[in-house]
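Listed below, chain by chain, are the residues.
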Amino acid sequence: MTELLSIKDISQELGIPQSTLRYYRDLFLDYLPAMGEGKKKRFYPEAVEVFQAIAKCMHQNKNADDIANELDSRFTRFIEIDSEPQESSATYSQNDETGQSQALSTVTQFDGSAIMAVIASQNQALQQIAATISIVNGQQEELHNLKQEVSKLEERLETELTDHFQLIDARLRQITEEKENDKPKSFWQRLFS
């Protein structure tokens, strides 16, 4: 029997932090052969090579679509199929014909109400997104108006300060001239004037 690996095991083997491996797992789960759910999810040894490929692509600053394309060209995608609700699920290769037929039979077992519930949920989410976008647009417009108002106030303040300093300067000159005129003349000024 093949020994299954936890995220911790793979982290120790590759020297990549567990949090990083979880991030990779969440982005590219379809390429990671595994079984189980949640904290009990374990990976087949083949997943180590997939994690290595993802890490290499991330270090090359590739985006998620480019990484997915590279993984498509090198690895088989895996899908999990529930054989019955409430039972454990098994992992099947997408290229395996029996896995595909089981996947199709599972899809056909869904009734229309489940699909309609998903569509309704997505519709509600889209409406919430639209409402949020509308609020953000309103806030951006309000922010733009506030910036214009601040700009006008800054111009007004600058003009008023300039006028104020000009008045102060003129008054200081006037006071200086008055002091010079009120000063008693020295002996020599009186003698020669």
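See the structure shown above.
Read on for an overview of the structure. (Residues numbered from 1 in each chain as written. Predicted model: local features only at pLDDT ≥ 70, side-chain atom pairs only at ≥ 80, totals over all residues. Heavy atoms only, no water.)

### So, the packing of aromatic side chains
Turning to step 1, where the next piece is worked out: Inspection of the entire model under this criterion finds 3 aromatic pairs.
Turning to step 2, where the next piece is worked out: Between Phe-43 and Phe-51, the ring centres sit 5.6 Å apart and the planes meet at 75°, which makes this aromatic pair edge-to-face.
Turning to step 3, where the next piece is worked out: Note on Phe-43: relative accessible area 1%, which makes it buried.
Turning to step 4, where the next piece is worked out: Here Phe-187 and Trp-188 contribute two aromatic rings whose centre-to-centre distance is 5.2 Å and whose plane-to-plane angle is 75°, an arrangement assigned as edge-to-face. Per residue, the accessibility class of Phe-187 equals that of Trp-188, and both read exposed. (Phe/Tyr/Trp six-rings, centres within 6.5 Å; stacked < 30°, edge-to-face > 60°. Buried < 20%, exposed > 50% of the residue type's maximum accessible area, 1.4 Å probe, protein only.)

### Some remarks on the nonpolar core
Turning to step 1, where the next piece is worked out: Judged by nonpolar contacts, the single largest core of 24 residues is most densely connected at Ile-10, Phe-43, Phe-51 and Leu-71.
Turning to step 2, where the next piece is worked out: Among the elements of the structure, α1 (7-14), α2 (18-27), α3 (46-59) and α4 (64-74) are those that each provide at least two residues to this core.
Turning to step 3, where the next piece is worked out: The element best represented in this core is α3, accounting for 8 residues.
Turning to step 4, where the next piece is worked out: If we skip the residues at most four places from it in the chain, Ile-10 touches Leu-5, Gly-15, Leu-21, Phe-43, Val-48 and Phe-51. (Core = buried A, V, L, I, M, F, W, Y, C linked by side-chain atoms within 4.5 Å. Helix = DSSP H or I, 4+ residues; strand = E, 2+ residues; numbered from the N terminus. Contact = heavy atoms within 4.5 Å.)

### Some words on a nonpolar patch on the surface
Turning to step 1, where the next piece is worked out: Together, Leu-157, Leu-161, Phe-165, Ile-168 and Leu-172 give the surface a local cluster of nonpolar side chains, amounting to about 470 Å² of exposed area.
Turning to step 2, where the next piece is worked out: Looking at where Phe-165 falls in the secondary structure, it is placed in helix α6 (residues 112-182).
Turning to step 3, where the next piece is worked out: A residue is classified by how much of its surface remains accessible, and Phe-165, at 53% relative accessible area, is exposed. (Patch = residues over 30% accessible without salt bridge, like charges linked within 9 Å, V, L, I, M, F, W, Y side chains within 5 Å. Areas by Shrake-Rupley, 256 points an atom, 1.4 Å probe, with all protein chains shown as cover. Salt bridge = Lys/Arg side-chain N within 4 Å of Asp/Glu carboxyl O.)

### Concerning the pattern of salt bridges
Turning to step 1, where the next piece is worked out: Here the structure, examined in full by the defined rule, presents 8 salt bridges.
Turning to step 2, where the next piece is worked out: Between Asp-26 and Arg-25 there is a salt bridge, with the nearest N and O atoms lying 3.1 Å from each other.
Turning to step 3, where the next piece is worked out: Taking relative accessible area as the criterion, Asp-26 reaches 57% and is therefore assigned exposed.
Turning to step 4, where the next piece is worked out: By relative accessible area, Arg-25 is classed as buried at 19%.
Turning to step 5, where the next piece is worked out: With a closest N to O distance of 3.8 Å, Asp-30 and Arg-77 form a salt bridge. Linking Asp-30 in the loop between α2 and β1 (34-35) with Arg-77 in the loop between α4 and β3 (78-82), this pair joins segments that are 47 residues apart in sequence.
Turning to step 6, where the next piece is worked out: What you see here is one network of salt bridges that share partners, running through Glu-49, Lys-62, Glu-70 and Arg-74.

### Some points on the environment of Val-48
Turning to step 1, where the next piece is worked out: Relative to the elements of secondary structure, Val-48 occurs in helix α3.
Turning to step 2, where the next piece is worked out: For the pair Val-48 and Asp-9, spaced 39 residues apart in sequence, the C-alpha to C-alpha distance is 9.7 Å.

### Overview of the side chain of Lys-41
Turning to step 1, where the next piece is worked out: When you line up the elements, Lys-41 lands in the loop between β1 and β2 (42-43).
Turning to step 2, where the next piece is worked out: We classify Lys-41 as buried; its relative accessible area is 12%.
Turning to step 3, where the next piece is worked out: Among the polar contacts made by the side chain of Lys-41, one reaches the main-chain carbonyl oxygen of Gly-36 at a distance of 3.4 Å. (Polar contact = N/O pair within 3.5 Å; in protein donor to acceptor, adjacent residues only side chain to side chain.)

### Remarks on α4
Turning to step 1, where the next piece is worked out: Three or more residues of α4 are buried, namely Ile-67, Ala-68 and Leu-71. End-on, the buried residues of α4 take up no more than an arc of 100°, which puts them together on one face. Away from its buried face by more than 90 degrees, α4 exposes Asp-65, Asn-69 and Ser-73.
Turning to step 2, where the next piece is worked out: Considering only its buried residues, α4 is in contact with α3.
Turning to step 3, where the next piece is worked out: The N-terminus of α4 is capped by Asn-63, whose side-chain oxygen sits 3.1 Å from the backbone nitrogen of Asp-65. (Arc of directions from axis to C-beta.)

The analysis is restricted to geometry; functional conclusions fall outside its scope.
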